[in-house]
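# Secondary and tertiary structure notes
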Amino acid sequence: MSGLLTVEGGTPLQGEITVRGAKNFVSKAMVASLLGEEASELRNVPQIRDVEVVANLLGLHGVLVEHDPQAGVISLDPRNVEAAHVADIDAYAGSSRIPILFCGPLLHRLGEAFIPDLGGCRIGDRPIDYHLNILRQFGAVVDKRVQGIHLSAPGGLRGTKIHLPYPSVGATEQTLLTAVRASGLTELSNAAIEPEIMDLIAVLQKMGAIISVDTDRTIRIEGVDRLDGFRHSALADRIEAGSWASAALATRGDVFVKGATQPEMMTFLNTFRKVGGAFDVREDGIRFWHPGGDLRSIVLETDVHPGFMTDWQQPLVVALTQANGLSIVHETVYENRFGFTDALRGMGATIQIYRECLGGLECRFGQRNFNHSAVISGPTPLRAADIEVPDLRGGFSHLIAALAAEGTSRVRGIDIINRGYENFMDKLEALGAKVSLAEAEGQVALV
Ligand code: EPU
């Protein structure tokens with residue numbers, strides 16, 4: 001689906017869609033299976049490109065992967081783990097950052113690991129210094145080579161005390177995936193405690209790990225000699241749910257997101273209500289709608305959990321262009337996550353970006369020349385435009401803007417959206433969006 005999407009905007013999204021397992025959990029649970037001596041089974045797996053990428057990478061390392069995309073079940077048998085060819089890893093990893101999380105499990109299983117240069121969305125520098133420092137602290141030898149990074153653990157991996165400079169999701173996962181089979185005790189302070197991390201801890205506990213989480217962001221892991229497989233159903237994708245909720249709001253629509261769950265979305269729901277959106281939590285999902293009248297401007301700061309997720313920010317900003325007054329959004333997780341607003345300005349939105357920390361506490365990016373605060377003045381009608389998708393969440397936000405705008409927009413590069421939004425074309429159709437996809441060959445497929 002590397003085509004051009006034509007979007008005839010101005011129609012409220014209405015109907016029901018389903019969200020399945022969280023992209024940012026499923027990929028990690030799949031990596032965790034590498035640590036087991038037995039096969040694992042993961043359910044509620046979405047059909048997204050990141051899952052394919054990790055399945056391929058696991059396959060390259062000798063894991064037997066069986067995937068039933070329709071049923072959302074993936075089974076992973078790691079009994080014959082082996083080293084993969086460098087060129088193959090590079091080819092399959094694509095733009096994913098997941099390979100960095102293979103390091104700990106591969107060091108345990110094979111005594112060495114290799115990772116290529118990492119990709120991921122272009123929303124900041126996205127360094128891997130925390131990851132490499134953590135692995136070194138466990139006793140790994142990190143050797144940077146032309147093709148990527150080679151790691152070995154001549155003396156085995158030993159538990160250690162780690163303090164994160166920032167509660168990084170990936171670095172916390174790195175520590176968990178390495179510590180569970182390292183010898184002795186590991187103490188991780190200033191850890192991330194996102195729901196996806198808690199679900200990963202649940203998976204590791206099912207495999208036989210001993211992990212405790214304190215109220216002060218300290219996680220303690222007692223290393224064990226052996227881990228077995230797991231059977232687990234993934235928690236729902238709260239980013240996807242929040243994205244469709246924002247789409248409902250921006251288009252003055254009404255969307256029931258089947259599968260969305262309240263506990264992981266409480267912060268989002270509070271904000272959604274403050275902006276003037278309505279929601280109804282039901283047993284099997286959450287209905288989000290625009291109740292009519294004006295939306296209200298807000299002051300918002302993104303943060304690590306339990307704060308407002310950075311990944312909810314971009315779709316919500318589109319809805320804020322339709323709110324009455326000045327909204328202020330302070331992005332404190334990524335230094336460069338407002339690039340997508342250029343296209344919104346081109347569509348008629350009034351958004352100014354500032355280097356200063358606006359509307360909240362001073363963050364890591366203050367006084368450092370990072371454009372990480374936005375002031376959005378609304379409401380401004382949006383006009384159709386030609387748009388190029390910049391990254392996953394920014395791309396979905398452009399799509400929302402095109403759906404809310406008057407006229408026909410053309411959105412290029414929508415393939416990126418497949419990384420994290422399952423069957424989004426089918427879902428748009430189910431919600432009554434007027435969209436058509438032109439394939440690369442120039443054929444137009446109506447959906
Ligand atoms: N950071 C460093 N050094 C490191 C690692 C992180 O400086 O070695 C910094 C980052 O540059 C960033 C901050 O720490 O400023 C937080 O990054 P974190 O490590 O928490 O992010 P991540 O693990 O790379 C995951 C999700 C992101 C999500 C963030 C924050 C996955 C595959 N990705 O990234 O999801 O935004 O946590 O919640 O789990 C997305 O789904 O679109 C996405 C980008």
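In this convention, every chain numbers its residues from 1, walking through the sequence in written order. The predicted origin of the model limits local features to residues at a pLDDT of at least 70 and limits the giving and counting of side-chain atom pairs to 80 or more, whereas totals for whole chains, interfaces and linings rest on all residues. Each side-chain value is worked out from all heavy atoms of the structure, with water and hydrogens disregarded.

### Digging into the sheet that holds strand 16 (residues 285–289)
The line we're drawing: One bridge is not enough; two strands pair if DSSP finds at least two bridges between them. Strands here are runs of E lasting at least two residues and helices are runs of H or I lasting at least four, both read from the DSSP assignment and numbered beginning at the N terminus. Angular values range over 0 to 180 degrees, each being the angle between N-to-C directions of two axes fitted as lines to C-alpha atoms, with helices fitted over their stretch in contact.
The strand order 2-14-16-15 describes an open sheet built from 4 strands, whose pairing is mixed. Edge positions in the sheet fall to strand 2 (14–18) and strand 15 (278–282), since each has one partner strand and no second. Between one strand axis and the next, the sheet turns through 15° on average, direction left out of account.

### Brief notes about empty space enclosed by the protein
Applicable threshold: Here a cavity denotes a set of grid points, spaced 1 Å apart and computed over the protein atoms alone, in which a 1.4 Å probe fits but from which it cannot get out, and a pocket denotes an open set meeting protein on both sides within 12 Å along at least five of seven lines; residues with an atom within 4 Å of a point are reported as lining. Grid points are joined across faces, edges and corners, and a volume is the space filled by probe spheres set on the points. Three classes are used, and their members are as follows: Ala, Val, Leu, Ile, Met, Phe, Trp, Tyr, Cys and Pro are nonpolar, Asp, Glu, Lys and Arg are charged, and the others, Gly among them, are polar.
Scanning the entire structure with this criterion turns up 1 cavity of 30 Å³ or more. Here the largest cavity is characterised by a volume of approximately 40 Å³. L57, H61, I89, P99, F102, L106, F114 and I115 are the residues that line the largest cavity. Each residue belonging to the lining of the largest cavity can be placed in one class, and the counts come to 7 nonpolar, 1 polar and no charged.

### Section: the side chain of E331
Definition in use: The classification of residues rests on relative accessible area computed with a 1.4 Å probe and restricted to protein chains. Under 20% of the type maximum is buried, over 50% is exposed, and intermediate values are partly exposed. Charge convention: Lys and Arg are scored as positive, Asp and Glu as negative, and His as well as the terminal groups of each chain are ignored. Should a side-chain nitrogen of Lys or Arg be within 4 Å of a carboxyl oxygen of Asp or Glu, the pair is scored as a salt bridge. N or O atoms within 3.5 Å of each other form a polar contact, as long as, within protein, one can give a hydrogen and the other can take it, and as long as residues adjacent in sequence are counted only when both atoms are side-chain atoms. Whether two residues touch is decided by their heavy atoms; if any such pair falls within 4.5 Å, the residues are in contact.
Looking at where E331 falls in the secondary structure, it is placed in the loop between strand 19 (323–330) and helix 11 (341–346). Despite being buried, E331 has no salt bridge partner; R337 is the closest side chain of opposite charge, sitting 5.3 Å away. Within the local environment of E331, its side chain forms a polar contact with the side chain of T310, the two groups lying 3.1 Å apart. Polar side-chain contacts of E331 include one of 3.0 Å to the backbone nitrogen of V333. If we skip the residues at most four places from it in the chain, E331 touches T302, T310, Q313, R337, F338, C363, F365 and H372.

### Here we look at the site of the ligand
To be explicit about the condition: We call a residue near a molecule or strand as soon as one heavy atom of that residue lies within 4 Å of the molecule or strand.
Taken together, the neighbourhood of the ligand is formed by 23 residues, with K28, D129, S168, V169 and V333 sitting nearest. Y130 is positioned such that a nitrogen or oxygen atom in its backbone is 2.9 Å from an oxygen atom of the ligand. Between the ligand and V169, the relevant distance is 2.7 Å, taken from an oxygen atom to a main-chain nitrogen or oxygen of the residue. Of all the secondary-structure elements, those providing two or more residues to the shell around the ligand are helix 1 (23–32), helix 5 (129–137), helix 6 (169–179), helix 10 (310–320) and helix 12 (392–404). Taken together, the residues of the shell around the ligand break down into 9 nonpolar, 5 polar and 9 charged.

### Some words on the domain arrangement of the chain
Threshold: As used throughout, domain bounds are those supplied by an automatic or database domain assignment.
Taken domain by domain, the chain holds domain 1 (4–19 + 236–446) and domain 2 (23–233). Each of domain 1 and domain 2 has a C-alpha centre, and the two are 30 Å apart. Contacts between the two partners involve 25 residues from domain 1, matched on the other side by 24 residues from domain 2. At the boundary of domain 1 and domain 2, one finds 3 salt bridges. A salt bridge links D415 to R49; the shortest N-O distance between them is 3.3 Å. Counting every contact that joins domain 1 to domain 2 gives 8 residue pairs in polar contact (both at pLDDT 80 or more). At the level of secondary structure, the elements contributing two or more residues to the side of domain 1 that touches domain 2 comprise helix 8 (238–250) and helix 12. Split by residue class, the side of domain 1 that touches domain 2 holds 8 nonpolar, 6 polar and 11 charged.

### Overview of the pattern of salt bridges
Taken as a whole, this structure holds 21 salt bridges when the rule is applied. Across the pair R181 and E37 runs a salt bridge whose closest N-O atoms are separated by 3.3 Å. Of this pair, R181 sits in the loop between helix 6 and strand 10 (185–189) while E37 is found in the loop between helix 1 and strand 3 (40–43), placing the two residues 144 residues apart along the sequence. R181 gets classed as buried once you look at its relative accessible area, which sits at 17%. What you see here is one network of salt bridges that share partners, running through E38, D77, R79, R226 and D228.

### So, the packing of helix 8 against helix 10
Note the cut-off: By definition in this entry, angles of less than 35 degrees are roughly parallel, angles greater than 145 are roughly antiparallel, angles of 65 to 115 are roughly perpendicular, and the rest are oblique.
Viewed as axis vectors pointing N to C, helix 8 and helix 10 meet at an angle of 5°, and their least axial separation amounts to 8 Å. Judged by the inter-axis angle, helix 8 sits roughly parallel to helix 10. Counting all contacts with helix 8, which are made through R238, I239, G242, S243, S246, L249 and A250, the residues of helix 10 involved are D311, W312, P315, L316, V318 and A319. A per-class count over the contact of helix 8 with helix 10 returns 8 nonpolar, 3 polar and 2 charged.

### Regarding the environment of D311
Position of D311 relative to the elements: it lies in helix 10. For the pair formed by D311 and I239, sequence separation is 72 residues and the distance between their alpha carbons is 6.3 Å. In contact with D311, other than residues within four places in its own chain, are I239, R337 and R393. Among the polar contacts listed, one links the side chain of D311 to the side chain of R337, at a separation of 3.0 Å.

### Digging into the layout of surface pockets
Estimated volume of the second largest pocket: approximately 300 Å³. Around the second largest pocket sit 19 residues that line it, and A250, R252, Q322, P381 and A404 are the ones nearest its centre. Elements represented by at least two residues in the lining of the second largest pocket include exactly helix 8 and helix 12. A per-class count over the lining of the second largest pocket returns 9 nonpolar, 7 polar and 3 charged.

### Observations regarding the packing of aromatic side chains
Applicable threshold: Aromatic rings from Phe, Tyr and Trp, taking only the six-membered ring of Trp, are treated as a pair when their centres fall within 6.5 Å; an angle between ring planes under 30 degrees marks them as stacked, one over 60 as edge-to-face, and anything in between as tilted. Geometrically, a charge over a ring is one whose NZ (Lys) or CZ (Arg) sits within 6 Å of the ring centre while staying within 35 degrees of the ring normal.
Applying the stated criterion across every chain yields a total of 9 aromatic pairs. Relative to W312, the ring of F308 lies with its centre 5.3 Å away and its plane at 65°, an arrangement referred to as edge-to-face. W312 shares its class with F308; the two are buried. Residues F396 and Y421 carry aromatic rings whose centres are separated by 4.1 Å and whose planes lie at 10° to one another, so their mutual orientation is stacked. Taken together, the residues span a long stretch of sequence, with F396 in helix 12 and Y421 in the loop between strand 23 (408–412) and helix 13 (424–430) at a distance of 25 residues. Overall, Y421 belongs to the buried group, its relative accessible area being 0%. Ring-pair connections join several aromatic residues into one group, and the members of that group are F268, F272, F288, F308 and W312. The residue whose ring lies beneath R282 is F256, and the NZ or CZ to ring-centre distance is 5.2 Å. Of note, R287 hangs over the ring of W289, and the distance from its end group to the ring centre comes to 3.7 Å.

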